[in-house]
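Architecture at a glance
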Amino acid sequence: MSDLDQLTQALARNLKRWRSERGFTLDALAARSGVSRGMVIQIEQARTNPSVGTTVKLADALGISIATLLDHDQGPQVRIVPADRAVRMWSTPDGSSSSLLIGVEKRGPLELWKWRLMPGEGSSSDAHPSGTIELLHVTEGVLTLVVDGVAHAVPAGASATFESNLPHAYRNDGDEPTEVTMAVSVPPVP
């Protein structure tokens, strides 16, 4: 099978899967994406190779990346991300950092993070989409979690959860490093 054939088959399979997971009919996906119903059918039946623009429209309408829509390595639902493949999102010269460890897009994006905050440092965040939930577990130090301007101390061994559709921040007000493992669940595209 050629690379183009593999890509066509992967797109057909993934488009059907994501449309089904989102609960979209053919007509609903066509309306959301601006791609004709007939074209969606042809793509799902692997009878055509759509343009990049059409593929982007479909991915956007499904609320997923084009890479996810075109992923042809769909096998067992186990994915291992080696430590050296975690994505460092930010860091400071004093050693604070956050790393995205792994994420999925099934039923809405779900991400797992590792944060390290040095004494006196922190990070703030704007409000996330309504329905976004964060769960965190402090493994070292004391985290000061600020949600909508209210500070909450979360010591090592404790966990917290909150709806992050409000401005929020993570701070280390102590004198020892703080480490936190956090999961972020974003609601699926309606």
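These notes cover the structure that comes with them.

Cut-offs used in this document
- Residues numbered from 1 in each chain as written.
- Predicted model: local features only at pLDDT ≥ 70, side-chain atom pairs only at ≥ 80, totals over all residues.
- Heavy atoms only, no water.
- Phe/Tyr/Trp six-rings, centres within 6.5 Å; stacked < 30°, edge-to-face > 60°.
- Helix = DSSP H or I, 4+ residues; strand = E, 2+ residues; numbered from the N terminus.
- Buried < 20%, exposed > 50% of the residue type's maximum accessible area, 1.4 Å probe, protein only.
- Contact = heavy atoms within 4.5 Å.
- Salt bridge = Lys/Arg side-chain N within 4 Å of Asp/Glu carboxyl O.

Right, let's get into the packing of aromatic side chains. Following the criterion strictly, the structure yields three aromatic pairs and no others. Both rings, one in Trp-90 and one in Trp-115, keep their centres 5.5 Å apart while their planes meet at 70°; by these two values the pair is edge-to-face. Remark: Trp-115 occurs in strand β3 (residues 110-117) and Trp-90 occurs in strand β1 (residues 87-91); sequence separation between them is 25 residues. Trp-115 gets classed as buried once you look at its relative accessible area, which sits at 8%.

Moving on, we come to the side chain of Thr-55. Inspection of the secondary structure puts Thr-55 in helix α4 (residues 52-62). When near neighbours in sequence (up to four residues on either side) are disregarded, Thr-55 contacts Leu-11, Pro-50, Ile-66, Leu-69 and Leu-70.

Here we come to the environment of Leu-62. For Leu-62, the location among the structural elements is in helix α4. When its relative accessible area of 0% is taken as the criterion, Leu-62 is described as buried. Once the C-alpha coordinates of Leu-62 and Pro-188 are considered, the two residues, 126 residues apart in sequence, prove to be 9.1 Å apart.

All right, on to the pattern of salt bridges then. Applying the stated criterion across every chain yields a total of five salt bridges. Between Arg-37 and Asp-27 there is a salt bridge whose closest N-O contact spans 2.9 Å. In this pair, Arg-37 sits in helix α3 (residues 37-44) while Asp-27 sits in helix α2 (residues 26-33), placing the two residues 10 residues apart along the sequence. A relative accessible area of 40% places Arg-37 in the partly exposed class. On the basis of relative accessibility, which here comes to 47%, the residue Asp-27 falls in the partly exposed class. A salt bridge links Arg-116 to Glu-179; the nearest nitrogen and oxygen atoms lie 2.4 Å apart.

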